[in-house]
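Fold and contact review
So you can see what is in the structure, the chains are spelled out below.
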Amino acid sequence: MTWEYGLIGLVVGIIVGAVAMRFGNRKLREQRSMQYELEKSKAELADYREELTNHFAQSAELLDNMARDYRQLYQHMAKGSNDLLPNLPGQKNPFAYQLTEAEADNDQVPVQMPRDYSEGASGLLRGERPARD
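Residues numbered from 1 in each chain as written. Predicted model: local features only at pLDDT ≥ 70, side-chain atom pairs only at ≥ 80, totals over all residues. Heavy atoms only, no water.

**Structural notes on the overall build of the protein chain**
Formally: Secondary structure elements follow DSSP: runs of H or I no shorter than four residues count as helices, runs of E no shorter than two count as strands, and numbering proceeds from the N terminus. Between buried and exposed lies partly exposed: a residue is buried under 20% and exposed over 50% of the maximum accessible area for its type, with that area taken using a 1.4 Å probe on protein chains only. The Shrake-Rupley method, run with a 1.4 Å probe, gives the accessible areas here. Residue values count only the displayed protein chains as cover.
Each helix and strand counted, the protein chain has 2 helices and 0 strands in total. Buried positions account for 5% of the 133 residues belonging to the protein chain. Accessible surface, the protein chain as shown: approximately 13000 Å² in total, 59% of it carbon and sulfur.

In structure tokens, the structure reads:
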């Protein structure tokens, strides 16, 4: 009789296992599908970020080259203007302002840092009270 109970338990276990596999397998497939899509999206995002980084790096390099070439052109025109038109007054010379060597090598305009104090007394701590109307 015990082997009959064991056989019945085995059959019931197989049926329960088959039903569980039938319903559980679909969720497992969906989970795997979602995991695959997630990994694919992460890879696409990483590729996009890499492409974006390369694009901006190349753009910065091109802008730097363009600024350097512009400075060289301006210096060439200013030197030619001074050499070819030495007697032209400063107001009529379109290239009167020349970049110095330090300005030509420096890509940034000098910035004066703001101070954390005022020039004179602000009057906030005076003992005088304003007149009331």
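**Some words on the pattern of salt bridges**
Here is the rule: Salt bridge, as applied in this entry: a Lys or Arg side-chain nitrogen positioned within 4 Å of an Asp or Glu carboxyl oxygen.
Considering all chains together, one arrives at 2 salt bridges under this definition. Ionic pairing is found between Arg68 and Asp64, a salt bridge with its closest N-O pair at 3.0 Å. Within this pair, Arg68 and its partner Asp64 are both found in helix H1 (residues 2–84), separated by 4 residues, close to a single helical turn. Residue classification places Asp64 among the partly exposed positions, given a relative accessible area of 32%.

**Brief notes about a nonpolar patch on the surface**
The cut-off we apply is this: Exposure above 30% relative accessible area and the lack of any salt bridge qualify a residue for a patch; like charges then connect within 9 Å, and the nonpolar side chains Val, Leu, Ile, Met, Phe, Trp and Tyr within 5 Å.
On the surface, Trp3, Leu7, Leu10, Val11, Ile14, Ile15, Val19 and Phe23 cluster together to form a nonpolar patch covering roughly 840 Å² of accessible area. The residue Val19 is located in helix H1 in this model. With relative accessibility at 42%, the residue Val19 sits in the partly exposed group.

**Remarks on the side chain of Ser81**
Rules: The criterion used for residue contact is that any of the two residues' heavy atoms lie within 4.5 Å.
Along the chain, Ser81 falls in helix H1. Setting aside anything within four residues of it in sequence, one finds Ser81 in contact with Pro86, Asn93 and Phe95.

**Observations concerning a positive patch on the surface**
Rules: Lys and Arg are tallied as positive, Asp and Glu as negative. Neither His nor the chain termini are counted. A single reference atom marks each charge: NZ on Lys, CZ on Arg, CG on Asp, CD on Glu.
A contiguous patch of positive charge, built from Arg22, Arg26, Lys27 and Arg29, is present on the exposed surface. For Arg22, the position within the fold is in helix H1. Given the relative accessible area of 61%, Arg22 is considered exposed.

**Section: a negative patch on the surface**
On the surface, Glu44, Asp47, Glu50 and Glu51 cluster together to form a negatively charged patch. Mapped onto the fold, Glu44 is located in helix H1. Glu44 sits in the partly exposed class, given a relative accessible area of 47%.

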